[in-house]
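Read off the chains here:
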Amino acid sequence: MTMNSRTILLSTAAVCLLLIGAALYLQHVKDLLPCPLCVIQRYLFLAVAIGCLVGAFGRKPKLGAGIGLAAAVGGLGVVGKHLYVLANPGFSCGIDPMETMLNKIPTATYMPWLFQADGLCENATDGLLGLSIPQWSAVWFVILTGVMIWVLVRNPEPRRA
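Residues numbered from 1 in each chain as written. Predicted model: local features only at pLDDT ≥ 70, side-chain atom pairs only at ≥ 80, totals over all residues. Heavy atoms only, no water.

## A word on the side chain of Gln27
Mapped onto the fold, Gln27 is located in helix α1 (residues 5–28). If we skip the residues at most four places from it in the chain, Gln27 touches Leu32, Pro34, Arg42, Pro112 and Trp113. (Helix = DSSP H or I, 4+ residues; strand = E, 2+ residues; numbered from the N terminus. Contact = heavy atoms within 4.5 Å.)

Next comes the structure, spelled out in structure tokens:
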């Protein structure tokens, strides 16, 4: 049994939304406030999901995978910076112009429960199974990048009459 691109894109969008749900759980139940880099990663997980939904429902899987790939690669860059901050104590992204700018974006103004950055990057060390939250984010952005590339390079499904 082979999975078609639409199923892969819908599954990927669901995974991204579940990851955002996990972030909200950590924020609102475990009281881990998101830092600016965490919030940017949320935007990028959401962008991957939106790209996948565009590709799945717009019947343009390559376009959706391209949008998702761009967002996933952007996520790799942001999480790379986050991991750099964690690896270099004393280097912080705390209260800085990036946080101020992020918190003034309309999505942060209207949905602060999802997009407001109030935490410090170096506080994201608590994790699961030996990996910090940013390390898990990196794992997922690598997986998402691979899936989007796979959708882009695979042969299209034969048209059914």
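Having seen the model, we can carry on.
## Section: the packing of helix α2 (residues 36–57) against helix α3 (residues 61–87)
Between α2 and α3, whose axes approach to 7 Å, the crossing angle comes to 165°. Classified by the interaxial angle, the pair formed by α2 and α3 is roughly antiparallel. Where α2 crosses over α3, the two elements pack in a sense that is left-handed. Taken together, the residues that form the contact of α2 with α3 break down as 16 nonpolar, eight polar and one charged. (Axes fitted to C-alpha atoms, helices over the stretch in contact; angles between N-to-C directions. Parallel < 35°, antiparallel > 145°, perpendicular 65-115°, else oblique. Left-handed = near helix turned anticlockwise from the far one by under 90°. Nonpolar A, V, L, I, M, F, W, Y, C, P; charged D, E, K, R; others polar.)

## Considerations on the packing of α3 against helix α7 (residues 133–153)
Here α3 crosses α7 at 155°, and the two axes come no closer than 8 Å. Judged on the interaxial angle alone, α7 and α3 are roughly antiparallel. Crossing geometry of α3 relative to α7 is assigned as left-handed. Along the lines of polarity and charge, the residues of the contact of α3 with α7 split into 20 nonpolar, seven polar and one charged.

## Re the UniProt feature "transmembrane region" (unreviewed entry) in the protein chain
The feature "transmembrane region" (unreviewed entry), as given by UniProt, occupies residues 39–58, 65–84 and 133–153 in the numbering adopted here. For the annotated span residues 133–153, helix accounts for 100% and strand for 0% of the residues, and the straight-line distance between the end C-alpha atoms is 30 Å. (UniProt positions renumbered as here; feature names shortened; annotations may be inferred.)

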